[in-house]
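Below, each chain spelled out in residue letters.
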Amino acid sequence: MHFQPLLNYIAKHVELTKEETDYLVEHLHYRRYLKGQYILQQGDVCRTSSFILKGCTKLFYVDDTGTEHIIMLGVEDWWTSDIGSFINQTPAEFNIQCLEDTELAQFHYDTIEDIFERIPKLERFFRKVTERGLAAALNRIIRNFSMTAKDRYLFFRVTYPKIEQRIPQYMIASYLGITKEFLSKIKKQVAQES
């Protein structure tokens, strides 16, 4: 079953009956994207909240000068969405692009309220997922203000060891808010210190 990783993830937080699981699966959408494809583009309305079953994504913003700023990376068992656009059904501020062939379990905006009505514990589950995401985003902001670029890189390596091998260095640099040249210097310094 395509959705088993999502069901396993949900089971860590709430227990669903067989009937609830069947109802949920009926209302989920499975979607496969190729490397390079967009799940969402700036200006479009985000109609889905997506759980990554397989693959790797980036959520990013392109500023007025055309510079890309990576806000979030996502791999298996992570969520990806422009949450503001999804909740408010307004134009997206962010793009979501696949960095690898990617498979998603998607909750559509049009059916999520029905799911919550039928399975109230999933509304609590989504609240917890959203709260954790907000806490992680706030902690990242604090790290960006209080840590050196080298310390942010070391934190990234320790916290997300599987991601570094899957994406190009310039994307890691963008995520860290530094240039790829500066990241290269940091990596060289770290290697010398080891």
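Procedures and definitions
- Counting restarts for each chain, with residues numbered from 1 along the sequence as it is written.
- Under the rules for a predicted model, residues below a pLDDT of 70 receive no local features and side-chain atom pairs below 80 are neither given nor counted, while totals for whole chains, interfaces and linings still include all residues.
- Side-chain descriptors were evaluated using all non-hydrogen atoms of the structure, hydrogens and water having been removed beforehand.
- Helical segments are the DSSP runs of H or I of at least four residues, strand segments are the runs of E of at least two, and each set is numbered from the N terminus.
- Relative accessibility thresholds used throughout: buried, under 20% of the residue-type maximum; exposed, over 50%; partly exposed, between the two (1.4 Å probe, protein chains only).
- Polar contact is defined as a pair of N or O atoms within 3.5 Å, subject to the rule that within protein one atom must be able to donate a hydrogen and the other to accept it, and that residues adjacent in sequence are counted only when both atoms are side-chain atoms.
- Should any heavy atoms of two residues lie within 4.5 Å, those residues are counted as being in contact.
- Take the buried residues of types Ala, Val, Leu, Ile, Met, Phe, Trp, Tyr and Cys, join any two whose side-chain atoms come within 4.5 Å, and each joined set is a nonpolar core.
- By arc we mean the arc of the directions from the helix axis to the C-beta atoms, nothing more.
- When a carboxyl oxygen of Asp or Glu lies within 4 Å of a side-chain nitrogen of Lys or Arg, that pair is called a salt bridge.
- Only strands that DSSP links by at least two bridges are regarded as paired with each other.
- For helices, the fitted line uses only the C-alpha atoms of the stretch in contact; every axis is such a line through C-alpha atoms, and the angle between N-to-C directions lies from 0 to 180 degrees.
- Classification of ring pairs uses Phe, Tyr and Trp, with its six-membered ring standing for Trp, and accepts pairs whose centres are within 6.5 Å; under 30 degrees between planes counts as stacked, over 60 as edge-to-face, and the remaining range as tilted.

**Some details on the side chain of Ser 81**
- Inspection of the secondary structure assignment puts Ser 81 in the loop between β6 (79–80) and α3 (83–88).
- The class of Ser 81 is buried, set by a relative accessible area of 15%.
- A polar contact of 3.5 Å, which involves the side chain of Ser 81, links it to the backbone oxygen of Thr 48.
- With sequence-adjacent residues up to four places away left out, Ser 81 is seen in contact with Cys 46, Thr 48, Ser 49, Leu 59, Phe 86 and Ile 96.

**A look at the nonpolar core**
- By size, the foremost hydrophobic cluster in this structure holds 34 residues, and its most contacted members are Leu 6, Ile 10, Leu 24, Trp 79, Phe 107, Leu 122 and Phe 125.
- Aside from chain neighbours lying at most four places away, what touches Trp 79 is Leu 6, Tyr 9, Ser 49, Ser 50, Phe 51, Met 72, Phe 107, Phe 125, Phe 126 and Val 129.
- By size, the runner-up hydrophobic cluster in this structure holds 21 residues, among which are Tyr 160, Ile 167, Ala 173 and Val 190.

**A short note on helix α1 (residues 4–11)**
- Leu 6, Leu 7, Tyr 9 and Ile 10 are the residues of α1 that are buried. Taken down its axis, α1 places every buried residue within 160° of arc, on the same side.
- In the core, the buried residues of α1 are packed alongside α2 (18–27), β3 (48–54), β6, β8 (102–108) and α5 (120–146).

**A closer look at the pattern of salt bridges**
- Counted according to the given criterion, the structure contains 10 salt bridges.
- Residues Lys 18 and Asp 22 are paired through a salt bridge, measuring 2.8 Å at the closest nitrogen-oxygen approach. Of this pair, Lys 18 and Asp 22 both sit in helix α2, four residues apart, roughly one helical turn.
- On the basis of relative accessibility, which here comes to 34%, the residue Asp 22 falls in the partly exposed class.
- Here the residues in one salt-bridge network are Glu 76, Glu 100 and Arg 166, joined through shared partners.

**Re the side chain of Glu 103**
- With respect to the helices and strands, the residue Glu 103 is situated in strand β8.
- A distance of 2.8 Å separates the side chain of Glu 103 from the side chain of Tyr 30, its partner in a polar contact.
- Residue contacts for Glu 103: discarding those within four places in its chain leaves Tyr 30, Arg 31, Arg 32, Phe 51, Ile 52, Leu 53 and Lys 54.

**Describing the sheet that holds strand β2 (residues 38–40)**
- Ordered by their spatial adjacency, four strands build an open sheet running β2-β7-β4-β5, and the pairing between neighbours is antiparallel. One side of each edge strand has no neighbouring strand; the edge strands of this open sheet are β2 and β5 (68–74). With strand direction ignored, the average angle separating the axes of adjacent strands in the sheet is 30°.

**A short note on the packing of aromatic side chains**
- In the structure shown here, the tally under the stated rule is 15 aromatic pairs.
- On the basis of an interplanar angle of 50° and a centroid distance of 5.2 Å, the ring pair of Tyr 9 and Phe 51 is categorised as tilted. You can see Tyr 9 sitting in helix α1 and its partner Phe 51 sitting in strand β3, a full 42 residues away along the chain. Note on accessibility: Tyr 9 and Phe 51 belong to one class, buried.

**Some remarks on unusual backbone geometry**
- With phi around 70°, Asp 77 is a residue other than glycine that occupies positive phi space.
- Along the chain, Asp 77 falls in the loop between β5 and β6.
- A positive phi angle is found at Gln 89, which is not glycine, with a value near 55°.
- Relative to the assigned elements, Gln 89 resides in the loop between α3 and β7 (95–98).

**Details of the sheet that holds β8**
- With antiparallel pairing, four strands are arranged side by side in an open sheet as β1-β8-β3-β6. Each of the sheet's edge strands pairs with one partner strand only, and the pair in question is β1 (29–33) and β6.
- For β1 and β8, the ladder comprises five bridges, and the chain directions are antiparallel. Bridging from a neighbouring strand, Tyr 30 pairs with Ala 105 of β8.
- Sitting on the sheet, α1 touches β3, β6 and β8, and the angle it makes with β3 is about 105°.

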